[in-house]
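Secondary and tertiary structure notes
One-letter residues, chain by chain:
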Amino acid sequence: MSALAAPIIGDHYRVTAAPATVNIPVPGPDNFESIVDDYQRRLYGFALRMTGNREDAEEIVQDAFVRAYRALAKMDPQQRAELRLQPWLYTITLNVTRNRLRSKRPTNVALDSLADPDALLNETQEGPDQPEQIIDRAADMALVEQALLQLPMHLRAAATLRFIEGRSHPEIAEILNQPIGTVKSHVHRAVRILRRILGPEVGRIAASDRPSSDSEEEE
């Protein structure tokens, strides 16, 4: 597992964005290095926005990849062929994040620890009909991300995946293992709380999460 022999995040992690759709062979231990290359940055950005701490995010992603590698090694070829790799990796990362945060006290987060415009993943898998962007400017994004850390974990995860990661409701439901209706409710509640925290002066907060189109519901 050479991909994990050296640090994959931190000062030396790749800065080129992963494509919106990653085309790789059937995932397995033999091509795991390419999986790390394709997803480490996205998962690091997600973990950073869930924790507000770079060190935690780095260790979470390291742990998530180790768990993913071990799980893939135990799967038979049919299971690997049927695996939806991207949501599966996000689910593992979220589970590792939850476990880590349970053992830590909340910490104050400096704005500059989250202000990383290059790491914002606003592309979506949904085609031209993208989710609303919560804010317009990177400075406001840092404020929104700091506010997200004040939300309960279940609301923070749903809102981060929807507005920062640009995931569809069905994708979020798959990652969180929740019904789509529950996901929509959590996103809506998160937006209401963010409005109260941030006020109207912080950029363009989403008025509400749009009802999904029929095509999205069927994804």
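Residues numbered from 1 in each chain as written. Predicted model: local features only at pLDDT ≥ 70, side-chain atom pairs only at ≥ 80, totals over all residues. Heavy atoms only, no water.

**A word on the packing of aromatic side chains**
Per the counting criterion, the structure on display carries three aromatic pairs. Judged by centre distance (5.3 Å) and plane angle (55°), the ring pair of Phe46 and Tyr90 falls under tilted. One end of the pair, Phe46, is in helix H1 (residues 32-51); the other, Tyr90, is in helix H4 (residues 85-102), and 44 residues separate them in sequence. Neither Phe46 nor Tyr90 differs from the other in exposure class; each is buried. A connected cluster of aromatic rings, assembled from ring pairs, spans Phe32, Phe65 and Tyr69. (Phe/Tyr/Trp six-rings, centres within 6.5 Å; stacked < 30°, edge-to-face > 60°. Helix = DSSP H or I, 4+ residues; strand = E, 2+ residues; numbered from the N terminus. Buried < 20%, exposed > 50% of the residue type's maximum accessible area, 1.4 Å probe, protein only.)

**Details of the nonpolar core**
Core analysis: the biggest nonpolar cluster contains 48 residues, and Trp88, Leu89 and Leu176 have the highest contact counts within it. Of all the secondary-structure elements, those providing two or more residues to this core are H1, helix H2 (54-74), H4, helix H5 (138-148), helix H6 (153-164), helix H7 (169-176) and helix H8 (180-198). It is H1 that provides the largest number of residues to this core, a total of ten residues. Once residues lying within four places of it in the same chain are set aside, the contact partners of Trp88 are Ala68, Ala71, Leu72, Met75 and Leu83. (Core = buried A, V, L, I, M, F, W, Y, C linked by side-chain atoms within 4.5 Å. Contact = heavy atoms within 4.5 Å.)

**Concerning the pattern of salt bridges**
Enumeration according to the criterion identifies six salt bridges in this entry. Between Arg49 and Glu145 there is a salt bridge, with the nearest N and O atoms lying 2.4 Å from each other. Within this pair, whereas Arg49 is found in helix H1, its partner Glu145 is found in helix H5, the two being separated by 96 residues in sequence. Each member of the pair, Arg49 together with Glu145, is buried. Here Glu165 ties to Arg167 by a salt bridge, and the two come within 3.8 Å at their closest N and O atoms. Of the two residues, Glu165 and Arg167, both sit in the buried class. A cluster of three or more residues bridged by salt bridges with shared partners is formed by Asp56, Glu59 and Arg100. (Salt bridge = Lys/Arg side-chain N within 4 Å of Asp/Glu carboxyl O.)

Function-wise, these values are silent; they only describe arrangement.
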